[in-house]
Amino acid sequence: MKSPLTVLALLPIQCLAQYSLVRDYSGSGFFDEWNFFGNADNLTSGDLFYLDRSAAASQKLAFVNDAGNAVVRVDNFTNVALNDKRNSIRVESKDLYDIGSLWIIDTV
Ligand SMILES: *[C@@H]1O[C@H](CO)[C@@H](O)[C@H](O)[C@H]1NC(C)=O
Ligand SMILES: *[C@@H]1O[C@H](CO)[C@@H](O)[C@H](O)[C@H]1NC(C)=O
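Calculation notes
Residues numbered from 1 in each chain as written. Chains lettered and ligands numbered in written order. Predicted model: local features only at pLDDT ≥ 70, side-chain atom pairs only at ≥ 80, totals over all residues. Heavy atoms only, no water. Salt bridge = Lys/Arg side-chain N within 4 Å of Asp/Glu carboxyl O. Buried < 20%, exposed > 50% of the residue type's maximum accessible area, 1.4 Å probe, protein only. Near = heavy atom within 4 Å. Polar contact = N/O pair within 3.5 Å; in protein donor to acceptor, adjacent residues only side chain to side chain. Helix = DSSP H or I, 4+ residues; strand = E, 2+ residues; numbered from the N terminus. Contact = heavy atoms within 4.5 Å.

### Side note on the pattern of salt bridges
Alright, step 1. Tallied over the full model, the rule gives 5 salt bridges.
Alright, step 2. Across the salt bridge formed by Glu92 and Arg90, the nearest N and O atoms sit 3.7 Å from each other.
Alright, step 3. Classification of Glu92 by relative accessible area gives partly exposed; the value is 46%.
Alright, step 4. Residue classification places Arg90 among the buried positions, given a relative accessible area of 18%.

### Things to note about the site of ligand 1
Alright, step 1. Contacts to ligand 1 come from Phe37, Asn39, Asn42 and Leu43.
Alright, step 2. With respect to ligand 1, the side chain of Asn42 contributes an N or O atom lying 2.3 Å from an oxygen atom.

### Digging into the side chain of Asn87
Alright, step 1. Along the chain, the position of Asn87 falls in strand S6 (residues 86-88).
Alright, step 2. Note on Asn87: relative accessible area 17%, which makes it buried.
Alright, step 3. Engagement of the side chain of Asn87 in a polar contact is seen with the side chain of Gln59, the distance being 2.9 Å.
Alright, step 4. Here Asn87 is in contact with Phe49, Leu51, Gln59, Leu61, Val74 and Asp75, once residues within four sequence places are set aside.

Structure (structure tokens):
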């Protein structure tokens, strides 16, 4: 016969057992698993143009640095004319994930 305490102690172990690593986005291959939007912002009507992968790499807005960290940033080094759009990055994972998936992100 189980006591209530035993049931409570087992519950976290059962939850942990349901997760397994399905994808690790890191290192030099970080950007291989994402689709770059490559078009003007059409969600917020913002003054942004989201670059495709090759333009993002050549403008140093999406790259993996010498430490192996993925860097994603907005253009802060060009003057943008009024009514023009500033370059930025929007990516979506190539993989789709079920509701209830757990993401762990290490970011600064
Ligand atoms: C934004 O543009 C993308 C690519 O052209 C398109 O797939 C998407 O449906 C558009 N979203 C909206 C809200 O217009
Ligand atoms: C743009 O951002 C980078 C990275 O944060 C920074 O080193 C640089 O000083 C910024 N340039 C300007 C013009 O703000």
